[in-house]
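Below are the chains, spelled out letter by letter.
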Amino acid sequence: MIGDIAGLIAAVAFVALVGLLAVPLVKLGKVFDTTTESIKDLTAHSVPILDESAQTVASANSQLVKVDTITTSAAEVSQNVSALTGLYAAAFGAPVVKVAAFSYGVRKAFGQAASKVRGTGKDS
């Protein structure tokens, strides 16, 4: 009979221990459920953002290709203008300088001749 009472006390203690351990396990299960739901919400909201980001990056890449084409064309135009400037300077620059120097010399000579004819005698 004492053995039966001891067994009954042990059984009640075991049930109480299981009951005390069940409460944290139930709470932990609720935490896992909440975490799972949060991850689902996060995934549902982040997937459209990632899709839009991918589209934005693709659009930016296509715009950069256009800008690269424009930049290449501008560089070619710049090279052509530089070559044309060099050609103009070589073809017309030296003769224009010579004509300007000649006209300056002629004006200077006529000015000195005119001042001698007028009798002022100034030599500039």
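Relevant structure appears above.
Let me begin by describing the structure that accompanies this report. From a predicted model like this one, the values you see are computed outputs, not experimental measurements.

### Brief notes about the overall build of the chain
Stage number 1. What the chain contains, in helices and strands, is 1 helix and 0 strands.
Stage number 2. The C-alpha radius of gyration of the chain comes to 50 Å, more than 25% above the 14 Å expected for a compact globule of 124 residues.
Stage number 3. When its C-alpha atoms are laid out on the principal axes, the chain stretches across 160 × 35 × 20 Å.
Stage number 4. When each of the 124 residues of the chain is scored for burial, the buried share is 1%.
Stage number 5. If you sum the accessible surface of the chain, you get close to 10,700 Å²; carbon and sulfur atoms cover 72% of it.

### Brief notes about helix H1 (residues 2–118)
Stage number 1. Along H1, the largest kink reaches about 40° and is centred on Phe 92; proline Pro 95 follows within four residues of it.
Stage number 2. With its phi angle positive at about 85°, Gly 119 sits one or two positions after the end of H1.

How each quantity is defined
- Every chain is numbered independently, its residues counted from 1 as its sequence is written.
- Side-chain atom pairs in this predicted model are given and counted only at pLDDT of 80 or more, local residue features only at pLDDT of at least 70, and totals for whole chains, interfaces and linings cover all residues.
- To obtain the side-chain values, all non-hydrogen atoms of the structure were included, while hydrogens and water were left out.
- Numbering goes from the N terminus for both helices and strands, where a helix is a DSSP run of H or I of at least four residues and a strand is a run of E of at least two.
- Atoms considered for the radius of gyration are the C-alpha atoms alone. The globule rule reads 2.2 Å times the number of residues to the power 0.38.
- In this scheme, a residue with accessible area under 20% of its type's maximum is buried, one over 50% is exposed, and one in between is partly exposed, where area comes from a 1.4 Å probe on protein chains only.
- Note on areas: Shrake-Rupley with a 1.4 Å probe; residue coverage comes only from the protein chains shown.
- One fitted axis covers the seven residues ending at a residue, a second covers the seven starting there, and the bend at that residue is the angle between these axes.

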